[in-house]
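An overview of the molecular structure
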Amino acid sequence: MTKVAEQFHVSSTYMARVCALLNVPRPERGYWAKLEVGKAPSPEPLPEARPGDQLYWSNDGALQAPPKPRHPPKRRSNTAVRVPRPHSHSLLRGAKEHFENGRPVDDDAYLKPYKKLLVDVTASKACLDKALGFANDLFNALESVKHRVVLAPSDEQLRRADVDEREDRKKPRNRYHHSGLWSPYRPTVVYIGSVAIGLAIVEMSETVLLRYVRGTYVREADYTPPKPSRHTVDHTWTTTRDLPSGRLRLVAYSPYGRVHWSTDWQETTKASLRPMLTSIVHAIEEAAADLVGKLEEADRQAEIAHQEWLAAQEKRRREDDRRRVEQSVRESQEHLLQIIQQWSHVVEVERFLAGVEARIADLPADDRALVMDRLRLARAFLGTQNPLDFFLSWKTPGERYHPVYPDHHT
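Our subject in this report is the structure included herewith. (Residues numbered from 1 in each chain as written. Predicted model: local features only at pLDDT ≥ 70, side-chain atom pairs only at ≥ 80, totals over all residues. Heavy atoms only, no water.)

1. What about a nonpolar patch on the surface?
On the surface, a cluster of nonpolar side chains totalling about 330 Å² of accessible area is made up of L388, F391 and L392. Inspection of the secondary structure puts F391 in helix 8 (residues 387–392). F391 sits in the partly exposed class, given a relative accessible area of 45%. (Patch = residues over 30% accessible without salt bridge, like charges linked within 9 Å, V, L, I, M, F, W, Y side chains within 5 Å. Areas by Shrake-Rupley, 256 points an atom, 1.4 Å probe, with all protein chains shown as cover. Salt bridge = Lys/Arg side-chain N within 4 Å of Asp/Glu carboxyl O. Helix = DSSP H or I, 4+ residues; strand = E, 2+ residues; numbered from the N terminus. Buried < 20%, exposed > 50% of the residue type's maximum accessible area, 1.4 Å probe, protein only.)

Take a look at the structure:
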């Protein structure tokens, strides 16, 4: 483990946790000493990967896992859905403590646990046991017919759908409303074959009439007004607020970003969700079979859109290359004309200097020396007068820009 960890620049204990995460067997303590004396046990084989297992890991998180094939399982018409009540599902062991030991909230508000890798349950303290109990029954019912329920593995890009906690969803919501509900870091999913279906359990909210009494709000139904008298003034007022109702809603949804689908089941004052578990499991199985076709169509449309994007990028690059070729031609032509004009100007200047030099012979010796010094200085200021130097400074279109596409050569 120490040598393997060195290759990934992590500690051996960290590497051991990675192996546990990926369900990779590793030698027990003392294995290498036993191997030297020929008493080491046979290596444990790599177990077969199950739906929902994380299969990829990289130290920097840059490794992108390839897409996994998606197909629903074969129908199990002869397999009955069972709910083993005493059995506690692994996702729910210790969950209650994490939910209760969270951020401080009012007694009639939704719990907000600090821990983010938790089962997707949204409930108040009064309804927590009921919500976790239903989650336990649902997960066990799904796994009784071989459908694995887990937190979504980190190497799959699965998203959590937006969950509306309101019991009456037809009622318009304030545009500035923010529910502030807790949400998990990764969704809770059930694998129907290799297809993931997101699961969220939420305690629905209802609109409650509240009365403000001595610095706190109480339900209007629980308020007892004081007896009327001359000395009693009822300084209270009422308002409405959405509060947890104690009734649950189960939301099943597509955790794949390209397909938006969801369905839900919710309790009423007269009917709970538990008697519906068998029909819920069957409905989720049927939804997974339909979801495969939707995902395939979404992948096909995404590939079409990707190819169109690639074609648009190629067209943009070709147009940009052609534009730069044309620009290099224009700039090269302009530069050549500037060189010609510059040479014409140099010829005129040279003619002027030659005229000055021709008249030097008639001057006295002292004046002639002074003029010669001025001529040398003037020529030094003007620089080279060789037309070949001017011409060699010209840049051709190919020297200014090298075309990317061969058919764009000038």
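2. Focus on unusual backbone geometry
Its identity is not glycine, yet N23 carries a phi of approximately 60°, on the positive side. Looking at the secondary structure, you find N23 in the loop between helix 2 (12–21) and helix 3 (31–36). The exposure class of N23 is partly exposed, given its relative accessible area of 37%. With a phi close to 70°, K146 is a non-glycine residue in the positive phi region. Its location among the elements puts K146 in the loop between helix 5 (128–143) and strand 2 (148–151).

3. Quick notes on the side chain of H147
Here H147 lies in the loop between helix 5 and strand 2. Within polar-contact distance, the side chain of H147 engages the side chain of E285 at 2.7 Å. (Polar contact = N/O pair within 3.5 Å; in protein donor to acceptor, adjacent residues only side chain to side chain.)

4. Some thoughts on the pairing of strand 3 (residues 188–192)
Among the five residues that make up strand 3, five are buried, leaving the element largely enclosed by the rest of the structure. Burial along strand 3 is two-sided: T188, V190 and I192 facing one way and V189 and Y191 facing the other are all buried. Sheet analysis places strand 2 next to strand 3, joined by four bridges and oriented antiparallel. For L151, the partnering residue across the bridge sits in strand 3 and is T188. Two elements, strand 3 and strand 4 (residues 195–213), share five bridges in a ladder whose sense is antiparallel. Among the inter-strand pairings, I192 is bridged to a residue of strand 4, identified as V195. What sits between strand 3 and strand 4 in their antiparallel hairpin is a turn of two residues, with G193 showing a positive phi close to 70°. (Pairing = 2+ DSSP bridges.)

5. Structural notes on the nonpolar core
Grouped together as the largest cluster of nonpolar side chains are 52 residues, with contacts concentrated most on F99, V121, L138, F139, L199, L250 and I284. Residue assignment for this core shows that the elements contributing at least two residues are helix 4 (95–100), helix 5, strand 2, strand 3, strand 4, strand 6 (237–253) and helix 6 (277–358). Setting aside chain neighbours within four positions, we find L138 in contact with L199, I201, L250, L277 and I280. Counting residues in hydrophobic clusters, the runner-up holds six residues, among them V163, A200, V202 and Y253. (Core = buried A, V, L, I, M, F, W, Y, C linked by side-chain atoms within 4.5 Å. Contact = heavy atoms within 4.5 Å.)

6. Examining the pattern of salt bridges
Where charged atoms from two side chains of opposite charge come close, those side chains can pair. The tally for this structure, following the rule as stated, stands at 16 salt bridges. Between D53 and R50 there is a salt bridge whose closest N-O contact spans 3.8 Å. A salt bridge links E167 to R247; the shortest N-O distance between them is 2.7 Å. Of this pair, E167 sits in the loop between strand 2 and strand 3 while R247 is found in strand 6, placing the two residues 80 residues apart along the sequence. A relative accessible area of 14% means that R247 is categorised as buried. Through salt bridges with shared partners, a single network forms among R50, D53 and R148.

7. Regarding the environment of L243
Secondary-structure assignment places L243 in strand 6. As for L243 and A289, which are separated by 46 residues in sequence, their C-alpha atoms are 37 Å apart. Not counting residues up to four positions away in its chain, the partners in contact with L243 are D108, M204, S205, E206, V208, L210 and R219.

8. Digging into the packing of aromatic side chains
Tallying each qualifying case throughout the model produces five aromatic pairs. Aromatic pair F8 and W57: ring centres 5.5 Å apart, planes at 65°, arrangement edge-to-face. Residue F8 is found in helix 1 (residues 2–8), and its partner W57 is found in the loop between helix 3 and helix 4; the two are separated by 49 residues along the sequence. Measuring from ring centre to ring centre gives 6.2 Å for Y14 and W57, while their planes differ by 50°; the resulting arrangement is tilted. Taken as a pair, Y14 in helix 2 and W57 in the loop between helix 3 and helix 4 lie far apart in primary sequence, 43 residues in all. Its relative accessible area of 18% is what places W57 among the buried residues. Through pairs of rings, three or more aromatic residues link up here, namely F8, Y14 and W57. The ring of Y405 has R318 sitting right over it, with the charged end atom 4.4 Å from the ring centre. (Phe/Tyr/Trp six-rings, centres within 6.5 Å; stacked < 30°, edge-to-face > 60°. Lys NZ or Arg CZ within 6 Å of the ring centre and 35° of its normal.)

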